[in-house]
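These are the residues of each chain, in order.
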4 protein chains.
Amino acid sequence: MSQAIESIDQCRKELLEEFKAVRAQTKKLAAPLQPEDCVVQSMDDTSPAKWHLAHVTWFFERVILQQFSPNYRPFNEKYYYIFNSYYNSLGQQADRPLRGTLSRPTVPEIMEYRAAIDERVEKFIATVAEKSWNEIYSLFKIGFNHEQQHQELLLSDIKHVFASNPLQPAYLEPVASTSNDKTPFLRNHYLTFKGGLVEVGADNADSSGAKFTYDNESPRHKVYLEDFKLLPRLVTCGEFLEFINDGGYDNPSLWLADAWGRVPSKIWRHPMYWEKTESGWTINTLSGTRPLNLAEPVCHVSYYESWAFARWAGKRLPTEMEWEFAAETLDEIQRDGNFVEKSILHPTADNPVCGKNDMSLSQMFGDVWEWTASSYLAYPGYKQEAGPLGEYNGKFMSDQMVLRGGSCLTPKSHVRTTYRSFFQCDKRWQMTGIRLADNV
Amino acid sequence: MSQAIESIDQCRKELLEEFKAVRAQTKKLAAPLQPEDCVVQSMDDTSPAKWHLAHVTWFFERVILQQFSPNYRPFNEKYYYIFNSYYNSLGQQADRPLRGTLSRPTVPEIMEYRAAIDERVEKFIATVAEKSWNEIYSLFKIGFNHEQQHQELLLSDIKHVFASNPLQPAYLEPVASTSNDKTPFLRNHYLTFKGGLVEVGADNADSSGAKFTYDNESPRHKVYLEDFKLLPRLVTCGEFLEFINDGGYDNPSLWLADAWGRVPSKIWRHPMYWEKTESGWTINTLSGTRPLNLAEPVCHVSYYESWAFARWAGKRLPTEMEWEFAAETLDEIQRDGNFVEKSILHPTADNPVCGKNDMSLSQMFGDVWEWTASSYLAYPGYKQEAGPLGEYNGKFMSDQMVLRGGSCLTPKSHVRTTYRSFFQCDKRWQMTGIRLADNV
Amino acid sequence: MSQAIESIDQCRKELLEEFKAVRAQTKKLAAPLQPEDCVVQSMDDTSPAKWHLAHVTWFFERVILQQFSPNYRPFNEKYYYIFNSYYNSLGQQADRPLRGTLSRPTVPEIMEYRAAIDERVEKFIATVAEKSWNEIYSLFKIGFNHEQQHQELLLSDIKHVFASNPLQPAYLEPVASTSNDKTPFLRNHYLTFKGGLVEVGADNADSSGAKFTYDNESPRHKVYLEDFKLLPRLVTCGEFLEFINDGGYDNPSLWLADAWGRVPSKIWRHPMYWEKTESGWTINTLSGTRPLNLAEPVCHVSYYESWAFARWAGKRLPTEMEWEFAAETLDEIQRDGNFVEKSILHPTADNPVCGKNDMSLSQMFGDVWEWTASSYLAYPGYKQEAGPLGEYNGKFMSDQMVLRGGSCLTPKSHVRTTYRSFFQCDKRWQMTGIRLADNV
Amino acid sequence: MSQAIESIDQCRKELLEEFKAVRAQTKKLAAPLQPEDCVVQSMDDTSPAKWHLAHVTWFFERVILQQFSPNYRPFNEKYYYIFNSYYNSLGQQADRPLRGTLSRPTVPEIMEYRAAIDERVEKFIATVAEKSWNEIYSLFKIGFNHEQQHQELLLSDIKHVFASNPLQPAYLEPVASTSNDKTPFLRNHYLTFKGGLVEVGADNADSSGAKFTYDNESPRHKVYLEDFKLLPRLVTCGEFLEFINDGGYDNPSLWLADAWGRVPSKIWRHPMYWEKTESGWTINTLSGTRPLNLAEPVCHVSYYESWAFARWAGKRLPTEMEWEFAAETLDEIQRDGNFVEKSILHPTADNPVCGKNDMSLSQMFGDVWEWTASSYLAYPGYKQEAGPLGEYNGKFMSDQMVLRGGSCLTPKSHVRTTYRSFFQCDKRWQMTGIRLADNV
């Protein structure tokens, strides 16, 4: 957003609209939940829905209003403590597992909190001095993206909450699955990509933030890639089932040492949310439990399982650079996919636009996050900021793997070719799946 | 309730009234809670309020209706699983920590469940065949007492939930404490009891159950008691503070080995719910946080702390037999006390009826459960029943200590001289306190 | 030992002889061990053999020489720390699990330590002033009994070390087992004992300590016993195998709640050191592994397993008072048994002196420690001493059960009718077994 | 070793000599240990010295003799189980923590095992058929390098064993430290390296294995490096002490999230083996405890601490590619350093050959392993072998960071510019230190 060619008022208007849109979307996602649903923390990794609702609000209050709004008085000082996630530079925070023990504030109280901060933010946008605009604008952009991340977490967390419940409540009305094709047509020809010295990463030189990227995507830098091959589509449930039936979970030679030796890997027998019943395999979704669809992309697998599957298949996972380089070959239309806006909230079978023999790269965006073979580390020249923004991404650069491409729970506007998500090798409650790669 | 002198209709009527009264009391106790409050399990020992509300209902359905109502169809079969606490003879049950992860059934759904079972039970009482009356009558009596136990747990658990919350919500409106008398008058003359061969325990020969007692209170049996002395009142917060200020928590010679060596004992520095602030000690109550009242009975101390305090004081805890023998010397009026019906929900300072020099035994009933020096074991001749009733008390007879006398959260009709409560040595979230004893 | 009728020199001589005998016995028990055997701590409950060898020596040095020998200089000040077990009044001590990480002092260095303290103690006994004699004499008696306790621990601990080793080393040469009688003759008639108001416990009035007893056996006091019945012999491996084959380990109705719910109970499938092989059940002993002898007393069962077995059998465990009262009916000859002096180091089958129909009570002493239904608590009037002796027994009076009668690893002179051993309900690496009781 | 130009007998002779040399060196390193020292496993990460002595022998027996020696009969079949570390393809293995519970085989028995296998191997080398030579030769090379790795582990593990002992035994005689220069001269000018498209990694095309490298060092491949700067020397204890004194351990903004949130990071206050005493900081070494020498390289820091230190210093850690590229600029003489052969067994202060103003890169080899900013992952084109060799390196490629350059406990012949060691971010019992890097 260039200040030179637009009036500040237009800027204010656009920012306000984006703010309202993001905030409204969160509310919409939370609408199907009962107050009781919003309280539960079903494991340490998840957070209660009402915590998400409040924490994203806290971000706008604590990081923007508190800093830039003169004489600002907090809505509730204790919220600064209980809704801080991990920002040491913004004060103490409660231990994660406490989140599920907070009965108060109630959901109506949190909605009141949201409304109050919305009002204050709207006033703030309308009145903030022009000289602070650029800095504030960047922070708002982070705030929007931050709230989008928590929209995805809210959904994946509530999925876990419902799946943990023997009553098996559903978030969505049950929907007819895409047909349970036992012998789906699968495009198995790998696509070859010519490597060389290429550039990857986001160019953060444009500091106006017009095209938002996170700091961890920068700087744009050169890497050398060998030629490589990619499966044009995602690995399916049917393929993963073959791995299971071939004893994949019992064969130590397929597994990383950390995966084989440790709980919980030792007790995994299939992807999360699968169950083997007398009448066949079922899968739990946000629309309830239904028979496993073999043609759908496998989801809720950890890095460990993805790695073992790739080894079993005689292939490997792509590096994040290979993934990004391949993704860059797609045009804007091809970068669309099964995102949260489609309201399916579950990965769908590969469906190449131009017919069964189509050789195009599909499912790169949406459906499931794709584990890469790359550790989440700093790019050459990356400088971790001081203060809260330095805590956003930089301090997590150890013991996590990069995932790419977004999922069916991700807002479409949230991802891009350079976007880096990251989780630990044993995590699988996010919508995480597999694309295979190979050497040439 | 002798069947010989009363018509069966009168019996039905009385049973129904008692049922309605118990059920109404539970509802009344839950009334101040928000739906969100009812979901939280703040530690493994506690249960969510809505779980209590449902579990006591489950008891009437699963133990009585399912067994005695012809062609009975469960309200919801899955409730049989999720609201079973620990009755292996009644099927599998969920792990305790799962209770706090159940967002569904919601509170309104549980209230609907309660209403439905109430209706079915009322119909059942009105129609059950006379020949099954005695058996059913006994089961109902257990059901009423069971619900009363959970009324107390509901309160102690919600106290823990609220105290875990940095926002410090309160269950009751804040009430003025009894005056914070820094030098309260304390009756320090021990009362001497003459021992000998005495009888203790309940006489369960009267199997009509007219006067209900639990199986673990029986049979009545002979024990030999040495002469002993009892403090006429409970130990106060002020006295316990002296123990703290004298380094009690830092002196290993005062502690049982298990207490000294283990977490959590190692991190205790004062009774649960106390806090040392800049302006002095505070205590968290169901009416919120207020300054510590030194004249009040100390509460929320574990057996370990009670034992250490007694050793520090050069005294000991009474055995359960001494306590019972002493309690038997009181008349019915003296057996009253600060029970839940008084709605104070907090222990109150000693207030002997007849003046400060009064030598009568007080605070034996209500205020706080009193730790005894007796392990919770079977009485001579005790036979653990088979089936669910055998699981009610008998299977807990290891590694727990007996407590006597009820607390300010206990229904008055629930306790008696022979009543035995029991908890592990390190538990302190119940209303547990100290009375000292000594040898003659 | 009355000072009035014996000269002090005679007293010195007798004490010295007893000291030498105890010390020599420890050395003899350790003789078959390699240096490497003496280092290992195979679980937190056990201690390395060399730690036992040093700790009993530490007791004489730290508790007697340091206190009573003028200008005493420690052999090695750091030994005061590393060989203190749990005496807070004698300074800090290392955490238990550290014991297995101490490579130094080496075994020869510890033997040197033993020899040095032996020499100092001998000199001390020869020269200590007469006025301190009584106090010192009592401490020595405790020292002897303390070393005897550690002799038993040394054996049970090394048994665990060897059994943990896939190479299965043996402490003793393999010995022919008593015959593996698959249908042993078992005396099943319970013996009836007439109860009433009886006296139990040791009389500690005789403070000269001539007849040594521990403080926890006192004071002698009255208890009222109902009539009761005892099995004349111990429960056998064959009987316990019936319990196993009847699904005993899978039937929750037989188990205490603490046993059923907790690891390690959940993984127990048989007594410790049993194994089910293709060619039948085997048992690991200090002489190596051999086929299970059904006629032998079952051993290495926990309190939980003993309780479950008794419930399965429709009987119960005796209280410690019943056991003691019954044991008092035996004469001195009948109080003999399979103690460590017999060098069998394994329980042996019941072998009544006077023939198969003999109704006498046997196996009360030696063979296996018998779990009782009594918690380890203070007797009426018991006063826990201050200082190290108060830490010897008194501070363990919570969450443990009493065992009676000694085992095949116990020195005969160490036990008596009033002797109380104690362990937690889940412990089973000691030689612990079962005698059944019943009501009349 | 080219077969074309050397006779097979010469090859046999050279291999035998190398075998003898490696085996003799292990024995020499173990010589100062008492039998008791060889038994202890002081934490899960370490292994007992006697386990190392046996495991390296097992490798030659199990991986070579068992496979290639006709009709081979194991020395002891159970050794195949207890001395297998983590090779699932070679059968089950005992849990790591069991290693410290094995009293047998004794040290003499293990020395007997070593001698027996030495004899068999020597016979085998003399007689193995020429056609298997290349395969066997490669395996022996791995066996030698494997034994060298365990030589280093034996030393670092015994250092931990001794340091855990309050008696503080020493492995070496105390030696005079290099002078404790409180204001050492430190070369602070960073050296600049010109990047570009470069090649790194080992060239494994030469499959004769004449120049041994591990599979994880291959293939040689192109990477693009930005220009970068390196500190010519290692970070010193004095510099790390400044970090400590500046509150480094208390400042969350300096730490990775995983480090800050987790035990054990929470309890670290200084590098391992440092202690703050009344008379100043001390450091525990293999020669015992001595005052901290500020000029020495800091050692026994984790990746987390290294990362935090670099952030505090406003610098960063080098990537493994930067390190390797810089190391390649050194000639053979400059690649020497403080290795195990110098028998110092402790890092030494920077001592540039040509004077204080020298700008050469020093301490790249020996002294301490240098943490890099690179995760331990597969190089492009790396193929993990099947079978035991595939388990050697490939299965550890998750959640570990690469270290480079060897340490004062590493054999000189063991490392090279392409050598990749790897440990988890929280490990610090190895000789691990810090070199800083920076962007240009």
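Participant: Help me get a handle on the overall build of chain A, residues and values and all.
Facilitator: Scanning chain A for helices and strands turns up 10 helices and 12 strands. Taken along the three principal axes of its C-alpha coordinates, chain A extends 65 × 55 × 40 Å. Taken across its 440 residues, chain A has 60% of its residues classed as buried. In chain A, once contacts between residues fewer than 6 apart in sequence are set aside, the share between residues at least 24 apart is 80%. Surface exposure of chain A reaches about 17,200 Å², of which carbon and sulfur atoms provide 51%. Both charge centroids of chain A, one from 47 positive and one from 57 negative side chains, sit 1 Å from each other.

Participant: Tell me about the sheet that holds strand 10 (residues 421-423) of chain C, and please be specific about residues and values.
Facilitator: Residues and elements named next belong to chain C. If you walk across this open sheet you meet the four strands as 10-9-8-11, and the pairing is mixed. The open sheet is flanked by strand 10 and strand 11 (432-433), the only strands paired with a single partner. The pairing of strand 8 (residues 369-375) with strand 9 (residues 401-404) spans three bridges and is antiparallel. Its bridge partner lying in strand 9, Glu370 is registered against Arg404.

Participant: A description of the interface of chain B and chain A should follow, citing residues and the corresponding values.
Facilitator: The interface of chain B with chain A comprises 32 residues on the first partner and 32 residues on the second. Between chain B and chain A, a total of about 2,400 Å² is buried, with carbon and sulfur atoms accounting for 64% of that surface. For the pair chain B and chain A, the interface holds two salt bridges. With a shortest N-O distance of 2.5 Å, Arg104(A) and Asp37(B) are connected by a salt bridge. Inspection of the region where chain B meets chain A yields 10 residue pairs in polar contact (both at pLDDT 80 or more). In terms of residue count, the dominant contributor to the side of chain B that touches chain A is helix 3 (residues 77-82) of chain B (four residues). When the residues that make up the side of chain B that touches chain A are grouped by side-chain class, the tally is 17 nonpolar, 10 polar and five charged.

Participant: Break down the relation of the copies chain B and chain A for me, with residues and values.
Facilitator: Mapping chain B onto chain A is achieved by rotating through 180° and translating by 0.0 Å along the same axis, at an RMSD of 0.0 Å. Given the turn and translation reported, the copies of this chain are related as if by a two-fold rotation axis. Rotation axis and chain B: the residue whose C-alpha lies nearest the axis is Glu36(B), separated from it by 2.8 Å. In this assembly, 100% of the residues forming the interface of chain B have copies in chain A that are likewise at the interface, indicating an isologous arrangement.

Participant: Tell me about the packing of aromatic side chains, residues and numbers included.
Facilitator: Enumeration according to the criterion identifies 164 aromatic pairs over all chains in this entry. Judged by centre distance (6.4 Å) and plane angle (35°), the ring pair of Phe124(A) and Phe140(A) falls under tilted. Placement of Phe124(A) in helix 4 (residues 107-127) and of Phe140(A) in helix 5 (residues 133-163) is noted, with a sequence separation of 16 residues between them. Exposure remark for Phe124(A): the relative accessible area of 5% places this residue in the buried category. Geometrically, the ring pair formed by Tyr376(C) and Phe422(C) is stacked, given 3.8 Å between the ring centres and 5° between the ring planes. Here Tyr376(C) is found in the loop between strand 8 and helix 10 (387-392), whereas its partner Phe422(C) is found in strand 10, with 46 residues between them in sequence. In this structure, Tyr376(C) and Phe422(C) share a single accessibility class: buried. Above the plane of the ring of Trp51(A) lies Arg99(A), whose end atom (NZ or CZ) is 3.7 Å from the centre. We note Arg62(C) situated over the ring of Tyr80(C); from NZ or CZ to the ring centre the distance is 5.2 Å.

Participant: Outline helix 1 (residues 8-30) of chain D, listing residues and values.
Facilitator: All names here are of chain D. With 23 residues, helix 1 should cover 33 Å at 1.5 Å per step; its first-to-last C-alpha distance of 33 Å lies within 8% of that length. Where helix 1 is concerned, the buried positions are Ile8, Cys11, Arg12, Leu15, Phe19, Val22, Arg23, Thr26, Leu29 and Ala30. Elements in contact with the buried residues of helix 1: helix 2 (49-68), helix 4 (107-127) and helix 5 (133-163).

Participant: Give a description of the packing of helix 1 (residues 8-30) of chain C against helix 5 (residues 133-163) of chain C that names residues and reports values.
Facilitator: Residue and element names in this part refer to chain C. The N-to-C vectors of helix 1 and helix 5 enclose an angle of 15°; their axes lie 10 Å apart at closest approach. As the angle between them shows, helix 1 and helix 5 are arranged roughly parallel. The handedness of the crossing between helix 1 and helix 5 is left-handed. Across from Ile8, Cys11, Arg12, Leu15, Glu18, Phe19, Val22, Arg23, Gln25, Thr26 and Leu29 in helix 1, the residues of helix 5 making contact are Trp133, Tyr137, Phe140, Lys141, Phe144, Glu147, Gln151, Leu154 and Leu155. Grouping the constituent residues of the contact of helix 1 with helix 5 by class yields 12 nonpolar, three polar and five charged.

Participant: Describe the arrangement of the chains, with residues and values.
Facilitator: What separates chain A from chain C at the closest point of their C-alpha atoms is a distance of 16 Å, and the two make no contact. At no point do chain B and chain D touch; the closest pair of C-alpha atoms across them sits 16 Å apart.

Participant: I'd love a proper account of the pairing of strand 7 (residues 288-291) of chain A, names of residues and values included.
Facilitator: With four bridges joining them, strand 6 (residues 280-285) of chain A and strand 7 of chain A adopt antiparallel strand pairing. The residue bridging Asn284(A) from the neighbouring strand is Thr289(A), located in strand 7 of chain A.

Conventions adopted
Residues numbered from 1 in each chain as written. Chains lettered and ligands numbered in written order. Predicted model: local features only at pLDDT ≥ 70, side-chain atom pairs only at ≥ 80, totals over all residues. Heavy atoms only, no water. Helix = DSSP H or I, 4+ residues; strand = E, 2+ residues; numbered from the N terminus. Buried < 20%, exposed > 50% of the residue type's maximum accessible area, 1.4 Å probe, protein only. Contact = heavy atoms within 4.5 Å. Areas by Shrake-Rupley, 256 points an atom, 1.4 Å probe, with all protein chains shown as cover. Lys, Arg positive; Asp, Glu negative; His and termini not counted. Charge placed at Lys NZ, Arg CZ, Asp CG, Glu CD. Pairing = 2+ DSSP bridges. Buried area = accessible area lost by both parts, 1.4 Å probe. Salt bridge = Lys/Arg side-chain N within 4 Å of Asp/Glu carboxyl O. Polar contact = N/O pair within 3.5 Å; in protein donor to acceptor, adjacent residues only side chain to side chain. Nonpolar A, V, L, I, M, F, W, Y, C, P; charged D, E, K, R; others polar. Least-squares fit on C-alpha atoms with pLDDT ≥ 70 in both. Phe/Tyr/Trp six-rings, centres within 6.5 Å; stacked < 30°, edge-to-face > 60°. Lys NZ or Arg CZ within 6 Å of the ring centre and 35° of its normal. Expected span 1.5 Å × (residues − 1). Axes fitted to C-alpha atoms, helices over the stretch in contact; angles between N-to-C directions. Parallel < 35°, antiparallel > 145°, perpendicular 65-115°, else oblique. Left-handed = near helix turned anticlockwise from the far one by under 90°.

Read these as geometric descriptors, not functional statements.
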